Amino acid sequence: MSNIRQFTDRLDALSFDRMYGGDFFLTWEKSPQELEAVFTVADALRHLREHNISSRLFDSGLAVSLFRDNSTRTRFSFASACNLLGLEVQDLDEGKSQIAHGETVRETANMISFMADVIGIRDDMYIGKGNAYMREVAHSVRQGYADGVLEQIPTLVNLQCDIDHPTQTMADALHLIHEFGGIENLRGKKLAMTWAYSPSYGKPLSVPQGVIALMTRLGMDVTLAHPPGYEVMDEVLQVARSNAHEQGCSFTVMNSMQDAFRDADVVYPKSWAPFTAMEKRTELYGNGDFTGIDALERQLLAQNSLHRDWECTEDMMRLTKRGSALYLHCLPADISGVSCAAGEVAASVFDRYRTPLYKQASYKPYIIAAMIFLAKARNPQKALSCLESSGVKRWKKADCACYCQ
Amino acid sequence: MSNIRQFTDRLDALSFDRMYGGDFFLTWEKSPQELEAVFTVADALRHLREHNISSRLFDSGLAVSLFRDNSTRTRFSFASACNLLGLEVQDLDEGKSQIAHGETVRETANMISFMADVIGIRDDMYIGKGNAYMREVAHSVRQGYADGVLEQIPTLVNLQCDIDHPTQTMADALHLIHEFGGIENLRGKKLAMTWAYSPSYGKPLSVPQGVIALMTRLGMDVTLAHPPGYEVMDEVLQVARSNAHEQGCSFTVMNSMQDAFRDADVVYPKSWAPFTAMEKRTELYGNGDFTGIDALERQLLAQNSLHRDWECTEDMMRLTKRGSALYLHCLPADISGVSCAAGEVAASVFDRYRTPLYKQASYKPYIIAAMIFLAKARNPQKALSCLESSGVKRWKKADCACYCQ
Amino acid sequence: MSNIRQFTDRLDALSFDRMYGGDFFLTWEKSPQELEAVFTVADALRHLREHNISSRLFDSGLAVSLFRDNSTRTRFSFASACNLLGLEVQDLDEGKSQIAHGETVRETANMISFMADVIGIRDDMYIGKGNAYMREVAHSVRQGYADGVLEQIPTLVNLQCDIDHPTQTMADALHLIHEFGGIENLRGKKLAMTWAYSPSYGKPLSVPQGVIALMTRLGMDVTLAHPPGYEVMDEVLQVARSNAHEQGCSFTVMNSMQDAFRDADVVYPKSWAPFTAMEKRTELYGNGDFTGIDALERQLLAQNSLHRDWECTEDMMRLTKRGSALYLHCLPADISGVSCAAGEVAASVFDRYRTPLYKQASYKPYIIAAMIFLAKARNPQKALSCLESSGVKRWKKADCACYCQ
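Anyway, here's the lowdown on the structure attached to this text. (Residues numbered from 1 in each chain as written. Chains lettered and ligands numbered in written order. Predicted model: local features only at pLDDT ≥ 70, side-chain atom pairs only at ≥ 80, totals over all residues. Heavy atoms only, no water.)

Along its length, chain A carries 16 helices and eleven strands. What you see for chain A is a C-alpha radius of gyration of 22 Å, in line with the 22 Å of a compact globule of 405 residues. Counting only C-alpha atoms and orienting by the principal axes, one finds that chain A spans roughly 60 × 55 × 45 Å. When each of the 405 residues of chain A is scored for burial, the buried share is 65%. Pairs at least 24 apart in sequence give 81% of the contacts found in chain A among residues at least 6 apart. Accessible surface computed for chain A: about 13,400 Å², of which carbon and sulfur atoms make up 48%. Seen as two clouds, the 42 positive and the 50 negative side-chain charges of chain A have centres 5 Å apart. (Helix = DSSP H or I, 4+ residues; strand = E, 2+ residues; numbered from the N terminus. Rg over C-alpha atoms; globule rule 2.2 N^0.38 Å. Buried < 20%, exposed > 50% of the residue type's maximum accessible area, 1.4 Å probe, protein only. Contact = heavy atoms within 4.5 Å. Areas by Shrake-Rupley, 256 points an atom, 1.4 Å probe, with all protein chains shown as cover. Lys, Arg positive; Asp, Glu negative; His and termini not counted. Charge placed at Lys NZ, Arg CZ, Asp CG, Glu CD.)

See below:
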């Protein structure tokens, strides 16, 4: 028996009116209650799916995806979320497109949006560009709607930018909520977001940045640890500090993986590139300086290789609370002796946490669907209740072909 | 409150029986009443969408798209139209396909059509090829249906060929109908379809050809203007002349952009390649003569550069009726100082007409959907009425998750 | 009037309980009654489509496709089957994916399956790899379900592997069932699966292997004929011999096309590569030995060219039963004088059988849909009856827009 009341009652206690008709760019632009509404709707949608009840908010409609970087997890999560709500994904593959040299973002945004309900964008490669691009798209379609060009305003979902990766970190947080038995239980838990060695270079900063900004918001004691030189974006550090202050928890930056791991409830060891190097790379690309890019890459690999000891080994794990902190990763991980000679994590550690890691990833489709649901349902509690009471089956597996029985 | 009667009443006054089960290749193969039926159904479908009423004519079904040239606008318009009617687009990407050397069009057409309700094709690069290819596909699937291979005949929609671009020009015309307050108000209006300078070469002729053929059909006084040497296909000139004769309007060809713009109600300045050059290029490709193609390209660019004064400037616009003709373009435009040093249109002109240009483009999904609707609904009036009265919501945004309320 | 009873009555007489929740890897892993259930459900689904009744078993859901080789027929057949059942296809394009070097199959399989109901894979290039890969994917998602990572177990459908091509051969068999007027009429009919000359090399063995294994299962007298050196996989020969023994029919291997064609009711002349050469190629690829691969290719082409007389000519056809055996091919065929100078079949033979060949291909979408249906409907008879009695129209073409009337 499904009972959606457990979720709608929680929603009744929260204030999230601003989310209807809104976009999702950065977690720190949302109030704590708005974030909790996303977690709650994600759980409610998973509950409906477990009970084989259709969650289609749309009878037809398009969701446009634009991936400016390769992606498996996020691409499938977005496709799954949209399908769950009744939207068909249409990929804007810039290679197949006739986007003219000099064509404005405003023009492209309108041309793809005549029947678009959602636009999901991944654009994480260049500092100062990805998030700005998303905002320009969102602004353009609002203008198009105001001008009578579009019949509806597509909701923009940030599928990873240069600053934040909200669908990833919200999924990470929902995983923690379930592991610790409630959002209130995150308060006071220690989370170590640490750099880790990787033989590849130039990994985006959006995950560590997003994690420190979100987890301090949820009242966790967060440590950011990395070798000197691997600093993240300054404005996100400010956000984390300010959150810690507001929430009465702590945010600490240090240069020792050991110290960060010590007594941690949760560890998130992951490689990333220095912010300043990414800034420089953005500039080099802008100038078309490919010799400079090659030189930068060699320098970054050499710099990484000085910190091979930043690996999440069994010894490291023993430093954590009762030696059994929860290990997180956004996947794919660089596993020593498996995907590379030496990497972010020892094979035995990774193997031990494989099932929780997969569960962590499994929340992403529901988080994306919840972000869309809250932007598209004027009264989400009533929408969820009606989905449940209409009883339309997602999959007519049982004994009868009728959707309603 | 939706009131679909305004559209079904207009349809009742029109004769368009032949469209059920038919294809859409060229606008001049359709009667004026059939064209008006397309405009009317397009408006009706937009009306339903504005009133959040589902327009799904299909519970399931496939629409196959084949783009032999890059496309953003037409690709998204086709996807939007199909989704609106309940069809899922499956792209025939010839690069990923196993279409054997020498495999017949007839074979491929049947192999992709076992469950296809619609086939949309863009094939505009080679003179004498694109439209012929579409007809061969349409003929093949009719044969397949007659032979008991296919359960249904997919409707073929021309998404741009070497001769015509009907989904573009019909959208252009619907934009004019709305701007001038009715199809009857197009009669006697002056439209200047003129060549314009572009620093690129080899742009298709289907838009100017389609425009002169369609707008004369609708009773407009049409001028085609281009530098000597930029002649379009002779058979389309004949169509335009014959239309003008039948409709009691005028069709004039001249070599002066100024004279064409003078006193025009509508201007459509756009670059294209000389028909004879496109014919030659087709022949060179056929012979695999890449040296010849390179030489031809250099020659075409040189030829273009002799006519840099064919630009839609503010001075040019001042020549038009009250200095405020409606400016049309199929987009993307070559905007001087924006997308190129010197191009088809001055930035200030383009900027002033940005919103109407986007509206012009916004009709294309509805035009495509209307073409499909008329081919697939035996009694479109009844189908539209039933969609309205069944009241299935496209988007359950309001207060309830029920599709019908 | 639709009457689904003719199909559900036949299903009532069959035992196929194991298929619910199962995968489809190889035809010889299924019982004869299970195979007959697939044929029966395929016919039932075609019947529903002919009567314009929706076959959607799903209100929403994803089907993941992974094609490691180019494909038109199978790609469109899979898309058609999934759409027919209400599933949206999401392609796992490994080129666009972020599948890390060393990322396990287990990880990828889980990451794409959070909301996947079906996974279809084509992986036929390397001996010992394709089928093994599919099983690893299927095992991984079962593990993911057991671990609480996935909400459902996606059904794996083999869209062609190194061993078998079950969706092709089952479609071939359903074509024979219809041509001969019933599955019982296949018993005692002679089928010649023969090698044929092709100017290309390295064609997969899965079709000849799948055909000899399936058709012996259905009681046909099967001959496999090829030049010396073109042997197929030994374990499949064992399957065919064992089937023939069990079914009381015959299975013969010979080196003469003429002898195989003599008195045959059905001929299936088709090129393939020697099994040992494919094994060697797999090894060379594994070692990255591209010089070795080039040499092997030259050797295979030279070897092929010694057997240009293995062509399905009119003279060959005259050897068959009454000179009018049914000619089968999985398409595309190498047609002499059409797609190549000399190939598998004479143009006049191919042309004469064009319509039956297209019909043969037309069964594949229904076979795939039936495999999925039997894995997803706990009581297929009741599901089919309810689809019929609910009367939801697939296409509201008639007079009314209502899905149910």
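Let us look at the sheet that holds strand S2 (residues 88-91) of chain B. Residues and elements named next belong to chain B. Taken together, four strands build an open sheet; the order of strands is S2-S1-S3-S4 and the sheet is parallel. Strands at the two margins of the open sheet, each flanked by one partner only, are S2 and strand S4 (155-161). Strand-to-strand twist across the sheet, computed as the mean angle between neighbouring axes with direction ignored, equals 20°. Bridge analysis of strand S1 (residues 62-67) against strand S3 (residues 116-123) gives six bridges, and the strand direction is parallel. Counterpart to Leu66 in the pairing with S3 is Ile121. Packed onto the sheet, helix H3 (residues 73-85) meets S1, S2, S3 and S4 and runs at close to 175° relative to S1. (Pairing = 2+ DSSP bridges. Axes fitted to C-alpha atoms, helices over the stretch in contact; angles between N-to-C directions.)

Going through the model one piece at a time under the given rule, you end up with 18 aromatic pairs over all chains. For the pair Tyr285(A) and Phe290(A), a centre-to-centre distance of 6.1 Å together with 85° between the ring planes defines the contact as edge-to-face. Aromatic side chains Tyr327(B) and Tyr353(B) sit 5.8 Å apart centroid to centroid with 50° between the ring planes, which places their arrangement in the tilted category. With Tyr327(B) in strand S9 (residues 326-327) and Tyr353(B) in the loop between helix H13 (347-352) and helix H14 (354-362), this pair connects stretches of sequence that are 26 residues apart. Of the residues examined, Tyr327(B) reaches a relative accessible area of 0% and is grouped as buried. A relative accessible area of 8% places Tyr353(B) in the buried class. Aromatic rings pair up to connect Tyr126(A), Tyr285(A) and Phe290(A) into one cluster. The lysine or arginine in question, Arg68(A), covers the ring of Tyr133(A), its NZ or CZ lying 3.9 Å from the ring centre. (Phe/Tyr/Trp six-rings, centres within 6.5 Å; stacked < 30°, edge-to-face > 60°. Lys NZ or Arg CZ within 6 Å of the ring centre and 35° of its normal.)

We now examine the interface of chain C and chain A. Taken together, the 44 residues of chain C in the interface contact 46 residues of chain A. Note on chain C versus chain A: buried area summed over both sides is about 4,300 Å², and carbon and sulfur give 52% of it. The tally of links between chain C and chain A comes to four salt bridges. The salt bridge involving Asp117(C) is made with Arg394(A); its shortest N-O contact spans 2.8 Å. Our count for the contact surface shared by chain C and chain A stands at 17 residue pairs in polar contact (both at pLDDT 80 or more). Contributions of two or more residues to the side of chain C that touches chain A are made by strand S1 (62-67), strand S2 (88-91), helix H4 (105-111) and helix H16 (380-390) of chain C. In terms of residue class, the side of chain C that touches chain A is made up of 17 nonpolar, 13 polar and 14 charged. (Buried area = accessible area lost by both parts, 1.4 Å probe. Salt bridge = Lys/Arg side-chain N within 4 Å of Asp/Glu carboxyl O. Polar contact = N/O pair within 3.5 Å; in protein donor to acceptor, adjacent residues only side chain to side chain. Nonpolar A, V, L, I, M, F, W, Y, C, P; charged D, E, K, R; others polar.)

Bringing the environment of Phe114(C) into the picture now. Among the secondary structure elements, Phe114(C) is positioned in the loop between H4 and strand S3 (116-123). In this structure Phe114(C) comes out as buried when scored by relative accessible area, which is 5%. The sequence separation of Phe114(C) and Ala138(C) amounts to 24 residues, and the corresponding C-alpha distance is 14 Å. For Phe114(C), the residues in contact, after removing those within four places along its chain, are Arg49(A), Tyr358(A), Ala361(A), Ser362(A), Pro365(A), Val149(C), Leu150(C) and Gln152(C).

This next bit is on the side chain of Ser80(A). Of note, Ser80(A) is situated in helix H3 (residues 73-85). With relative accessibility at 3%, the residue Ser80(A) sits in the buried group. Other than its neighbours up to four places away in sequence, Ser80(A) contacts Pro365(A), Leu62(C) and Met115(C).

Moving on, we get to the interface of chain A and chain B. Listed as interface residues are 44 residues of chain A and, on the opposing side, 46 residues of chain B. Across the chain A/chain B interface, buried area totals approximately 4,300 Å², and carbon plus sulfur atoms make up 52% of it. Our count for the chain A to chain B interface comes out at four salt bridges. Where the side of chain A that touches chain B is concerned, the elements lending two or more residues are strand S1 (62-67), strand S2 (88-91), helix H4 (105-111) and helix H16 (380-390) of chain A. Here the side of chain A that touches chain B is built from residues that sort into 17 nonpolar, 13 polar and 14 charged.

Read these as geometric descriptors, not functional statements.
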